[in-house]
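Residue-level structural notes
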Amino acid sequence: MAVVETPTSAPDAYRWEGNIEELRGLVSERAFTGETMLLNMGPHHPSTHGVLRVLLELDGEQIVNAVPDVGFLHTGIEKTIESKTYEKGVTATDRMDYLSPLSNNMAFCLAVEKLVDLDVPPRAQLIRVVCLELQRIASHLVWLGTHAIDLGAMSVLLYAFREREKVLDMLEMLSGQRMMGSYFRPGGVWRDITPDFKPTLVNFLGEFPRAVEDYQRLLEKNPIWVDRTQGVGVIEPDRALAWGMSGPTLRGSGVNWDLRKSMPYSGYEQFTFNVPLGEHGDVYDRFMCRILELWESMKILHQALERLEDKGPFRSDNRKFVPPPRSELGQSMEAVIHHFKLWTSGFDAPDEEVYAAVESPRGEIGCYLHGTGGNMPRRVHFKTPSFMHISSLPLLTQGHFIADLVAIIGSVDIVLGDCDR
Amino acid sequence: MPDIAPARDAADALQAAMPEALLDCHSFRDETTLIVAPAQVVDVCRFLRDTPGLVYNFLSDISAVDYWPEQERPERFGICYHLLSMLYGRRLRVKIYVAEDESEAPTMTGVWPGANWLEREIFDLIGIRFSGHPDLRRILMPSEWDGHPHRRDYPLGYEQVQFSFNAEEIMKHKPFARE
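Read on for a plain summary of the structure. Computed from a predicted model, the values in this text were never measured in an experiment.

Counting 170 residues, the largest nonpolar core has Leu134 and Phe208 of chain A together with Leu48, Ile79 and Tyr81 of chain B as the members making the most contacts within it. Element by element, the count of residues in this core is highest for helix H5 (residues 122–150) of chain A, at 13 residues. Leu48 of chain B has contacts with Ala10, Leu54, Val55, Tyr56, Leu83, Leu92 and Val94 of chain B, leaving out every residue within four places of it along the chain. With six residues, the next largest nonpolar core counts Leu23, Leu26, Leu55 and Val67 of chain A among its residues.

As structure tokens, this is what we get:
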């Protein structure tokens, strides 16, 4: 019988020796004496919702310190947009927050429209609102499914994705793409709604309330869910404000701030809807805020559907910024010139700076845009909600159990593409 | 409901309280920009946050912009603090200019702790140091990265697409992206 030699040490490829001294200042002194344990969570961990790495300092099961490490998904989107004309930049913004690409489009388009002073026809604004609310529903459904699966409720994910698929089908009808549609363009939207869009939306609004009721029945009073979420990850309102939180994460703490209500854009002031608010600022309140937002989105969609006419302008007719429709190219020399000009060099924007912000499903997406006087921006900067929320993760998790960390990460609804850009 | 002081104009209020800090005021498309002295930007922001009638309580964003290669501007970098007053529902931009040879600005983390990562991002991508920042490390780029990618003189690199006919040729100079 051959004697198999037991290896005395791991092969070199598996040997990983980090320099613990690099962590001085990030973790407490107790970690250096071995009193607390350092544990690496992520970047490939399903409950970090992407590629977030968190270095945890643990005292038993309790979190002493959490050091988030981001940047794994940094793709230089802002840098890319600096070398693109304004209309092409829209395509890059889709890839930031990949669960709600249209909100990113909206922030960027609003900034461009502000910079060049371009008006958007009311019907185009209405189409945008319909898209944004559909996108909010789609994004909240992914959040709901993944948040529930993190906490062990497996079935919700399947139900949520079933409805999300219907929303994505509708977005595909509009833009030809399920997710990265780049449907919004400076001055309006890419093309008109298709004839079968409205009937599909009516159909969806008819059956969606039952689905939401189902989700609520599954979780709202579920004793395990309530035990895992109530009183966990409490954020006080003043701390939430100081740390720059926004969206449902801020509203879960009871701060009544929704950009759609407080600083309306794209005609949101014409809609009647409520802003759901939490009371305690814990995981459960943030969960309820988002669930109730699904109902509010449905309200907005119902109102928008009433007003949305089948035919009408869907983008500005300012030919200096928006290309003419295909049908004009055969008849008008002027149209050919505009078409050529806009698709080769694009339009020029002044050497000025603007800031535009929209309420995305996650919070405030702000777009800072600085023109050069030429056809490409000097600087684009996106303030993204996930970036701010992850930065406050140490604050949220200190003193909690490691199992609650998963609940907290899920409840602030982070998207790493949104964070790293 | 406590009494809410009537809204005041930020530029006027600042001019009255800290005239030496306010360098210029600029308005474009209903957005007001206050250009202030870099050394006093923290005090200015604290003043804007705490003064009744202004109450810019929320820091929306900090973005930095690189004006390279424009020669007529004295300073190369600009840093914009986008403040938001939730009480009065309005925004304000506070801007400072930073010269390339110092590349340093005071940190805003004492006023809004949320500025922490926003400043780290600027340090990482533009290369402006924030004095007094508690944890100034790179955030989006790897820690050993050389240079600051969002500077305007930093080239936009790309990699050639590999096909079977040119795969070997590309592998020879693989780690280096083309400029």
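The structure having been displayed, the exposition proceeds.
Backbone hydrogen bonds are what pair the strands of a sheet, in a parallel or an antiparallel way. Residues and elements named next belong to chain B. The mixed open sheet is built from five strands, whose spatial order is E1-E2-E5-E4-E3. The open sheet is flanked by strand E1 (22–28) and strand E3 (58–66), the only strands paired with a single partner. For this sheet, the mean angle separating the axes of adjacent strands, direction not counted, is 20°. Relative to strand E5 (residues 90–98), strand E4 (residues 77–85) runs antiparallel, the two being bridged by nine bridges.

Time to look at helix H1 (residues 10–17) of chain B. Residue and element names in this part refer to chain B. When we look at burial in H1, the residues that qualify are Ala10, Ala11, Ala13 and Leu14. Buried residues along H1 cover an arc of 165° about the axis, so they all sit on one side. Projecting away from the buried face of H1 at angles above 90 degrees are the exposed residues Asp12 and Ala16. Each element contacted by the buried residues of H1 is listed here: E1, strand E2 (31–36), helix H2 (41–50) and E5.

Residues and elements named next belong to chain B. Here the residue pair Trp68 and Pro69 is connected by a cis peptide bond, since its omega of 0° sits within 30 degrees of zero. Considering the arrangement of structural elements, one finds Pro69 in the loop between E3 and E4. Located in the positive-phi region is Arg29, a residue other than glycine, with phi close to 50°. Along the chain, Arg29 turns up in the loop between E1 and E2.

All names here are of chain B. Going through the model one piece at a time under the given rule, you end up with 44 salt bridges over all chains. We note a salt bridge from Glu31 to Arg93, for which the minimum N-O separation is 2.5 Å. Residue Glu31 is found in strand E2, and its partner Arg93 is found in strand E5; the two are separated by 62 residues along the sequence. Classification of Glu31 by relative accessible area gives buried; the value is 11%. For Asp153, the salt bridge is made with Arg76, and the minimal N-O distance between the two is 3.1 Å. Remark: Arg76 occurs in the loop between E3 and E4 and Asp153 occurs in the loop between strand E7 (129–131) and helix H4 (167–172); sequence separation between them is 77 residues.

At the interface, 46 residues of chain A touch 45 residues of chain B. Of the roughly 4000 Å² buried at the junction of chain A and chain B (both faces included), carbon and sulfur atoms supply 59%. Counting the surface chain A buries against chain B, the share from its top three residues, Lys79, Tyr355 and Arg378 of chain A, is 17%. Summed over the shared surface of chain A and chain B, the result is six salt bridges. One salt bridge connects Lys114 of chain A with Glu31 of chain B, and the closest N-O pair in it is separated by 2.5 Å. Counting every contact that joins chain A to chain B gives 19 residue pairs in polar contact (both at pLDDT 80 or more). Along the lines of polarity and charge, the residues of the side of chain A that touches chain B split into 24 nonpolar, eight polar and 14 charged.

Parameters and conventions
Per chain, the residues get numbers from 1 upward, laid out in the order the sequence is written. Numbering of ligands from 1 and lettering of chains from A proceed in the order in which they are written. Residues qualify for local features only when their pLDDT is at least 70, as the model is predicted, and side-chain atom pairs are given and counted only at 80 or more; totals for whole chains, interfaces and linings, by contrast, use all residues. Note that the side-chain values use all heavy atoms of the structure and ignore hydrogens as well as water. We define the nonpolar core as a collection of buried residues of types Ala, Val, Leu, Ile, Met, Phe, Trp, Tyr and Cys that are connected through side-chain atoms lying within 4.5 Å of one another. Under the scheme applied here, a residue whose accessible area is under 20% of the maximum for its type counts as buried, over 50% as exposed, and between as partly exposed, the area being computed with a 1.4 Å probe on protein chains only. Working definition: helices are DSSP H or I runs of at least four residues, strands are E runs of at least two. Numbering for both runs from the N terminus. Contacts: residue pairs with any heavy atoms within 4.5 Å of one another. Any two strands between which DSSP finds at least two bridges are classified as paired. Geometry is summarised by axes, namely lines fitted to C-alpha atoms with helices restricted to the contacting stretch, and by angles between N-to-C directions that run from 0 to 180 degrees. Think of the arc as the fan of directions from the helix axis to the C-beta atoms. What counts as a salt bridge is simple: a side-chain nitrogen of Lys or Arg found within 4 Å of a carboxyl oxygen of Asp or Glu. When two components associate, each loses some accessible surface as probed by a 1.4 Å sphere; the sum of these losses over both components is called the buried area. By the criterion applied in these results, polar contacts are pairs of N or O atoms within 3.5 Å in which, for protein atoms, one can donate a hydrogen and the other can accept it, and in which residues neighboring in sequence qualify only through two side-chain atoms. Only Asp, Glu, Lys and Arg are considered charged, only Ala, Val, Leu, Ile, Met, Phe, Trp, Tyr, Cys and Pro nonpolar, and every remaining residue, Gly among them, polar.

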